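So you can see what is in the structure, the chains are spelled out below.
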Amino acid sequence: MKNYLEESAKKAGIVLSEEKLVKFEVFYELLIETNKLFNLTAITEMHEVVLKHFVDSIMIEHCFSLGQEKEKQICPIKKIADVGTGAGFPGIPLAILYSDIEFVLMDSLKKRLNFIETVLEKANIKNVSLVHGRAEDLGQDSTYREKFDLCVSRAVASLPVLLELCTPFVRVGGKFVSYKSELLKEELGQSKSALSILHCTLERKYEYTIPDSELYRVLAIFSKEKKLEKKYPRQAGRPKKNPL
Ligand code: SAM
């Protein structure tokens, strides 16, 4: 697994140190073992886990200059939220890549967070905290509201819904990155009103193909210009039932 990840990340333009590769290996083994007991992911074949989960998660490396390990820090990002992290994607791969950034991984399913807790312990990952709850409730909690430089999310909801779930965590001037694929164009068309209500604009898109595959992916990068009105996010379930 380690060799294949090292090669695939390299093909994607990302160099992973031996120390980081070892952490990914611990994560991989726990993911496969735990998935036999309860459902964490439908993707279990080694090459697919590496490409579709690990490499895909870290492609954000090409969008920002993240972490103090880098000399040039264009946009100082110190705190990142991952909303609906599930089994830890993209949050855990990103936390391994950027060990000097603080991550908060959120999910409404406690069982999945319990799994991540074991990963943190066994892989000795120190820069992650876990929060159990629905994004709609956590976004109204002053501990998390508008406290993050960056919020990321993958495979949680359609864009108009996701914008309401995620942008409350982003500070004014911060960014939200949505991991999407072919549906982005259509979902952007449905997000005009949400973007306006939530004071966000699409800053740019980063399109890529996952190495050794023809799988198209795109990161949509939004910037938040003003504070949100107190009524957003609306109560749990409303964003999905009645998107902005
Ligand atoms: N982000 C991971 C990935 O890319 O593999 C997990 C995707 S999984 C399909 C969606 C996850 O989002 C689930 O773990 C679910 O519990 C969580 N989720 C969905 N709606 C949520 C909400 N409103 N608040 C918090 N978590 C939510």
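As shown above, the structure is provided for reference.
A quick note: this is a predicted structure, and the numbers were derived from the prediction, not measured.

Once that is clear, we can look at the packing of aromatic side chains. Applying the stated criterion across every chain yields a total of eight aromatic pairs. What links up through ring pairs into an aromatic cluster is the set Phe24, Phe27, Phe54, Phe89 and Phe115. The ring of Phe148 carries Lys79 above its face, with NZ or CZ at 5.1 Å from the centroid. It is Arg204 that lies over the ring of Phe64; its NZ or CZ is 5.5 Å from the centre.

Moving on to helix α5 (residues 110-122). When the terminal C-alpha atoms of α5 are compared, their 19 Å separation across 13 residues agrees well with the 18 Å that a helix rising 1.5 Å per residue should span. Burial in α5 covers these residues: Leu113, Phe115, Ile116, Val119 and Leu120. All buried residues of α5 project into a common sector of 155° when viewed along the axis, lining one side. Seen from the open side of α5, the exposed residues pointing more than 90 degrees away from its buried face are Lys111, Glu121 and Lys122. Just past α5, the residue Asn124 takes up positive phi, approximately 55°.

In this section: the pairing of strand β3 (residues 128-132). The pairing of strand β2 (residues 102-107) with β3 spans five bridges and is parallel. What sits directly across from Val104, in β3, is Ser129. Once the chain exits β2 it traverses α5 before rejoining the sheet at β3, and the crossover so formed is right-handed.

Conventions used here
Residues numbered from 1 in each chain as written. Predicted model: local features only at pLDDT ≥ 70, side-chain atom pairs only at ≥ 80, totals over all residues. Heavy atoms only, no water. Phe/Tyr/Trp six-rings, centres within 6.5 Å; stacked < 30°, edge-to-face > 60°. Lys NZ or Arg CZ within 6 Å of the ring centre and 35° of its normal. Helix = DSSP H or I, 4+ residues; strand = E, 2+ residues; numbered from the N terminus. Expected span 1.5 Å × (residues − 1). Buried < 20%, exposed > 50% of the residue type's maximum accessible area, 1.4 Å probe, protein only. Arc of directions from axis to C-beta. Pairing = 2+ DSSP bridges. Right-handed = clockwise from strand over helix to strand, strands pointing away.

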